[in-house]
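# Summary of structural features
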Amino acid sequence: ERSSVSATLSLPENDFVEKRIIPLIRCFGHEPVTGRILDSGPLDEEVKKKIRQCRRVLCFATRARKRYDQKGNIVSYEPPDWVRDELMMARGAGREAIEFRESGVDYKGAAPLRPYVEFDRADIADLLVKIAERISKWPVGPLQLRLKVPEEFSAQVKAAANAARLTARCSAVDWTGTETLT
């Protein structure tokens, strides 16, 4: 399973993503994918392609720019624009998009229409536990099915398989839980 990780990895204060979160994702058998080579600016096609190839996207909206009140006091922080863009693109592509928002980060004017997980940079251990709780519920790898044919039909199934006339029909609910695949 591939999962895209979106964060401003070039900033030293965000090294917890590479040092703690990406290894944690790997520990659960998933492959984390990042756009590390870019790390700023508009989303290029390669990053968009990586997101489309992933089942889910974890976005870390950290403190990018300070916002001040009229007296010069810091009142909030803006998140990185491109992290927000990756989050919106993932949602638009139907991927499971999970936002981890650092305390104090505010989109200013945008109503919080989607849930997010707030975290405090001073308590990364708590963030890791929250992420581990989510990851532990994700499926890993391709699904393999073993079908057992009832004994009374086994001779017919073997004969059809040997004659290259065996067809099967299977249905399952997709990973979003919204569509039945046949």
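Parameters and conventions
Residues numbered from 1 in each chain as written. Predicted model: local features only at pLDDT ≥ 70, side-chain atom pairs only at ≥ 80, totals over all residues. Heavy atoms only, no water. Helix = DSSP H or I, 4+ residues; strand = E, 2+ residues; numbered from the N terminus. Expected span 1.5 Å × (residues − 1). Bend = angle between axes of the 7 residues up to and from the residue. Contact = heavy atoms within 4.5 Å. Phe/Tyr/Trp six-rings, centres within 6.5 Å; stacked < 30°, edge-to-face > 60°. Lys NZ or Arg CZ within 6 Å of the ring centre and 35° of its normal. Buried < 20%, exposed > 50% of the residue type's maximum accessible area, 1.4 Å probe, protein only. Axes fitted to C-alpha atoms, helices over the stretch in contact; angles between N-to-C directions. Parallel < 35°, antiparallel > 145°, perpendicular 65-115°, else oblique. Left-handed = near helix turned anticlockwise from the far one by under 90°. Polar contact = N/O pair within 3.5 Å; in protein donor to acceptor, adjacent residues only side chain to side chain. Pairing = 2+ DSSP bridges. Core = buried A, V, L, I, M, F, W, Y, C linked by side-chain atoms within 4.5 Å.

A few words now on helix α1 (residues 15-27). Look at α1: 18 Å from first C-alpha to last across 13 residues, which is about the 18 Å you get at 1.5 Å a residue. By the largest-angle criterion, I21 marks the main kink of α1, which is about 30 degrees, and a proline, P23, follows within four residues. On its buried face, α1 sits against β1 (2-6), β2 (31-33), β3 (56-61), β7 (117-119) and α4 (124-135).

Following the criterion strictly, the structure yields 2 aromatic pairs and no others. The residue whose ring lies beneath R56 is W138, and the NZ or CZ to ring-centre distance is 3.9 Å. The ring of Y116 is capped by R101, whose NZ or CZ atom sits 3.6 Å from the centre of that ring.

Within the secondary structure, E78 is located in strand β5 (residues 74-78). Given a relative accessible area of 24%, E78 falls into the partly exposed group. Residues E78 and R63, 15 residues apart in the sequence, show an inter-C-alpha distance of 6.1 Å.

It is the contact of α1 with α4, at a shortest axis distance of 10 Å, that shows an interaxial angle of 25 degrees. Between α1 and α4, the angle falls in the class roughly parallel. Considering the relative orientation of α1 and α4, their crossing is right-handed. Taking contact as the criterion, the partners of F16, R20, I21, L24 and I25 in α1 are, on α4, I124, L127, L128, I131, A132 and I135.

This part takes up the side chain of N14. Inspection of the secondary structure assignment puts N14 in the loop between β1 and α1. The buried category is assigned to N14, whose relative accessible area is 1%. Within the structure, N14 has its side chain in polar contact with the side chain of T62 (distance 3.4 Å). Contact partners of N14, with chain neighbours within four places excluded, come to T8, T62 and R121.

Right, let's talk about the sheet that holds β3 for a bit. Pairing within the open sheet is parallel, and its 5 strands lie in the order β2-β1-β3-β6-β7. A single partner strand is all that each edge strand has here, and the edge strands are β2 and β7. If you compare each strand with its neighbour and ignore which way they point, the axes differ by 25 degrees on average. Bridge analysis of β1 against β3 gives 4 bridges, and the strand direction is parallel. The residue bridging S3 from the neighbouring strand is R56, located in β3.

Judged by nonpolar contacts, the single largest core of 22 residues is most densely connected at V17, I21, F60, F100, L127 and I131. Where this core is concerned, the elements lending two or more residues are α1, β3, β6 (96-102), β7 and α4. In this structure F60 touches V5, S6, A7, V17, I21, V83, F100, F119, L127 and I131, once residues within four positions along its chain are discounted. Counting 14 residues, the second largest nonpolar core, distinct from the first, contains V47, I51, L87 and Y107.

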